[in-house]
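In case you want the letters, here they are:
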Amino acid sequence: QVQLVESGGGLVQAGGSLRLSCAASGSIFRINAMGWYRQAPGDQRELVATITSGGRTNYADSVKGRFTISRDNAKNTVYLQMNSLKPEDTAVYYCNLEGQDDTGGPLWYWGQGTQVTVSS
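Let me begin by describing the structure that accompanies this report.

Cut-offs applied
- Residues numbered from 1 in each chain as written.
- Predicted model: local features only at pLDDT ≥ 70, side-chain atom pairs only at ≥ 80, totals over all residues.
- Heavy atoms only, no water.
- Disulfide = S-S within 2.5 Å.
- Helix = DSSP H or I, 4+ residues; strand = E, 2+ residues; numbered from the N terminus.
- Core = buried A, V, L, I, M, F, W, Y, C linked by side-chain atoms within 4.5 Å.
- Buried < 20%, exposed > 50% of the residue type's maximum accessible area, 1.4 Å probe, protein only.
- Contact = heavy atoms within 4.5 Å.
- Phe/Tyr/Trp six-rings, centres within 6.5 Å; stacked < 30°, edge-to-face > 60°.
- Polar contact = N/O pair within 3.5 Å; in protein donor to acceptor, adjacent residues only side chain to side chain.

Here the focus is the state of the cysteines. Across all of its chains, the model carries one disulfide by this definition. Sulfur-sulfur distance for the disulfide between Cys22 and Cys95 comes to 2.1 Å. The sign of the -80 degrees torsion about the S-S bond sets the Cys22-Cys95 disulfide as left-handed. Within this pair, whereas Cys22 is found in strand S3 (residues 18-26), its partner Cys95 is found in strand S9 (residues 91-100), the two being separated by 73 residues in sequence.

Counting 31 residues, the largest nonpolar core has Met34, Trp36, Leu80, Met82 and Tyr93 as its most contacted members. Among residues more than four places away in sequence, those in contact with Tyr93 are Glu6, Leu20, Trp36, Tyr37, Arg38, Val48, Phe67, Leu80, Met82, Gly113, Thr114 and Val116.

Applying the stated rule across the entire model yields two aromatic pairs. Measuring from ring centre to ring centre gives 5.0 Å for Tyr37 and Trp110, while their planes differ by 80 degrees; the resulting arrangement is edge-to-face. Placement of the pair is Tyr37 in strand S4 (residues 30-39) and Trp110 in strand S10 (residues 106-110), with a sequence separation of 73 residues. When its relative accessible area of 32% is taken as the criterion, Trp110 is described as partly exposed.

Once that is clear, we can look at the side chain of Thr52. Along the chain, Thr52 falls in strand S5 (residues 46-52). For Thr52, the residues in contact, after removing those within four places along its chain, are Asn32, Ala33 and Arg71.

The next point concerns the side chain of Thr77. Relative to the helices and strands, Thr77 resides in strand S8 (residues 77-82). Exposure remark for Thr77: the relative accessible area of 7% places this residue in the buried category. Here Lys75 takes part through its backbone oxygen, which lies 2.9 Å from a polar atom of the side chain of Thr77. Beyond its immediate sequence surroundings of up to four residues, Thr77 is in contact with Cys22, Ala23, Ser70, Arg71 and Asp72.

As structure tokens, then:
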């Protein structure tokens, strides 16, 4: 069993900043990558940013230069610093983990989601 606990969402004006955090715990042997996805009403869930255990990052074009993903491997925690927020960034943001459990089986988990609302 794996738990992903997200925090840091909220309401912010356009141009503002927020920082999301996601802490993983449970039967985790190895984390290969963690990331953030988002889903706006009526839309499909989309990738925002991912980071591997080695620090390699990948961003959606829509957030490049504004968002920064980072992780603390010792704490099994991933962060998403969001700057210059736009109303179109409004969505529920979900943390994701991909790795292996302590039996060697695959892990693919989602957090419960945190709402980010950007007002114009």
